[in-house]
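# Observations on the three-dimensional arrangement
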Amino acid sequence: MAGLLWKRGTTLGEGGFGVVSLASTSNALFRGVTLPSLTALKSCDFNASQSLKEEVEILRMHSPYILHCFETNVSFEDNVNLYNLLIEYAFGGSLTDRLQNCNSLSEFEVNKHMKNVLLGLSCIHNKGIIHCNIKAGNILLVGGDKTAKIADFGLSVTLELGMNKTQGVIRGTERYMAPESVIKTEYSPQVDIWALGQTVYEPTCGNHCGKMQINSKLSSEAQDFLKKCLVKNPSTHWTADMLLNHTFLQNS
Ligand SMILES: Nc1ncnc2c1ncn2[C@@H]1O[C@H](COP(=O)(O)OP(=O)(O)OP(=O)(O)O)[C@@H](O)[C@H]1O
């Protein structure tokens, strides 16, 4: 693989689109930027790489709260042409991994992660991009301070200028999907806010099958934050920018 700035390491996991591996770079210089010695490599068959190619544009946005893509390239491995994204390695794994390791998170930690995710959502929503698959598994913890960053834009949609919703095929993970996307396949920035509410709801309130019951042991600020995320009527929803000013996030 002459010419590549990285060496593929162990497999971190597999998703619907392909494989994520660890990669070492020997701190190579790429376009004036020193690459971190450990990165992640998201790869898929070149012939089925359209979705990854579209994702790259978002991962190059330079938001501290969106997983960054350093470079893209094509490699020939095991007789297959692979399209690769060299992306930040999330040393802390995903929020799902974090939850599996400790069962529940303190309000302080939830608060810190949610603020970062909302900063990322504010950035994309203000550009007309809707993630459509916000969930604990797509929130990765990066760096020594485990900064929460939004990953996996494979299902994202970009709204046309002046539009505030789009209709189409069902996108997302059922458990986290807003009522309007399940019933009418409608997508607006609200679907990401609803999914974020579900992401906080599960570890803090339990995974109930019936009626939603917000845990009364949560602080009143946290309970109100959840209610504002899980508004059923999309026309009265809170935006990422409004939620960033919610009292629950003022202490993080
Ligand atoms: N940058 C990264 N750093 C560390 N681990 C990662 C990184 N990107 C993905 N992973 C891990 O690799 C695995 C596969 O991730 P990926 O996002 O491709 O699939 P998924 O989210 O599990 O499934 P799907 O794409 O079908 O929703 C997951 O366990 C994920 O936490």
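Above this note sits the structure.
Here we summarise the structure given alongside this text. Quick caveat: nothing in here was measured; it's all calculated off a predicted structure. (Residues numbered from 1 in each chain as written. Predicted model: local features only at pLDDT ≥ 70, side-chain atom pairs only at ≥ 80, totals over all residues. Heavy atoms only, no water.)

### Side note on the overall build of the chain
Along the chain, the regular secondary structure elements total 7 helices and 13 strands. Over its C-alpha trace the chain gives a radius of gyration of 19 Å, about what one expects of a compact globule, namely 18 Å for 252 residues. Once the C-alpha set of the chain is aligned to its principal axes, its extents read approximately 60 × 35 × 35 Å. Taken over 252 residues, the chain has a buried fraction of 49%. Counting only contacts in the chain whose residues sit at least 6 apart along the sequence, the fraction spanning at least 24 positions is 57%. Each charge class in the chain can be summarised by its mean position, and for the 22 positive and 23 negative side chains these summaries are 4 Å apart. (Helix = DSSP H or I, 4+ residues; strand = E, 2+ residues; numbered from the N terminus. Rg over C-alpha atoms; globule rule 2.2 N^0.38 Å. Buried < 20%, exposed > 50% of the residue type's maximum accessible area, 1.4 Å probe, protein only. Contact = heavy atoms within 4.5 Å. Lys, Arg positive; Asp, Glu negative; His and termini not counted. Charge placed at Lys NZ, Arg CZ, Asp CG, Glu CD.)

### Observations concerning the pattern of salt bridges
Counted by the stated rule, this structure contains 8 salt bridges. When the shortest N-O distance is used, the salt bridge between Asp152 and Lys42 registers 3.8 Å. Note that Asp152 is positioned in the loop between strand E10 (147-150) and strand E11 (157-158) and Lys42 in strand E5 (residues 38-45), a separation of 110 residues in sequence. On the basis of relative accessibility, which here comes to 7%, the residue Lys42 falls in the buried class. Through salt bridges with shared partners, a single ionic network connects Lys42, Glu55 and Asp152. (Salt bridge = Lys/Arg side-chain N within 4 Å of Asp/Glu carboxyl O.)

### Focus: the nonpolar core
Generally speaking, soluble globular proteins have nonpolar side chains that are buried together. Leu118 and Leu121 are the most contacted members of the largest nonpolar core, which has 63 residues in total. The element that contributes the greatest number of residues to this core is helix H5 (residues 189-205), accounting for 8 residues. Residue contributions to this core reach at least three from each of two domains, namely domain 1 (6-87) and domain 2 (95-250). Residue contacts for Leu121: discarding those within four places in its chain leaves Ile134, Ile150, Asp192, Ile193, Leu196 and Ala240. Counting residues in each nonpolar core, the second largest holds 8 residues, with Ala23, Leu35, Phe70 and Leu86 among its members. (Core = buried A, V, L, I, M, F, W, Y, C linked by side-chain atoms within 4.5 Å. Domains from an automatic or database assignment.)

### Some points on the side chain of His246
Positionally, His246 belongs in the segment after helix H7 (240-244). Judged by relative accessible area, which is 5%, His246 ranks as buried. In contact with His246, not counting residues within four places along its chain, are Glu221, Asp224, Phe225, Lys228 and Trp238.

### A closer look at the site of the ligand
Taken together, 17 residues sit near the ligand, with Gly15, Gly16, Phe17, Glu88 and Ala90 positioned nearest. Between the ligand and the protein, one listed contact pairs a nitrogen atom with a backbone N or O atom of Ala90 at 2.9 Å. When atom positions are compared with the pocket grids, the ligand is found to occupy the largest pocket. Counting residues per element, the shell around the ligand draws most heavily on strand E1 (residues 7-14), which supplies 3 residues. Grouping the constituent residues of the shell around the ligand by class yields 9 nonpolar, 4 polar and 4 charged. Here the shell around the ligand spans two domains, and each of domain 1 (6-87) and domain 2 (95-250) adds at least three residues to it. (Near = heavy atom within 4 Å. Polar contact = N/O pair within 3.5 Å; in protein donor to acceptor, adjacent residues only side chain to side chain. 1 Å grid on protein atoms, 1.4 Å probe; cavity = no way out; pocket = protein on both sides within 12 Å on 5 of 7 lines; lining within 4 Å. Sits in = over half its atoms within 2 Å of the grid points. Nonpolar A, V, L, I, M, F, W, Y, C, P; charged D, E, K, R; others polar.)

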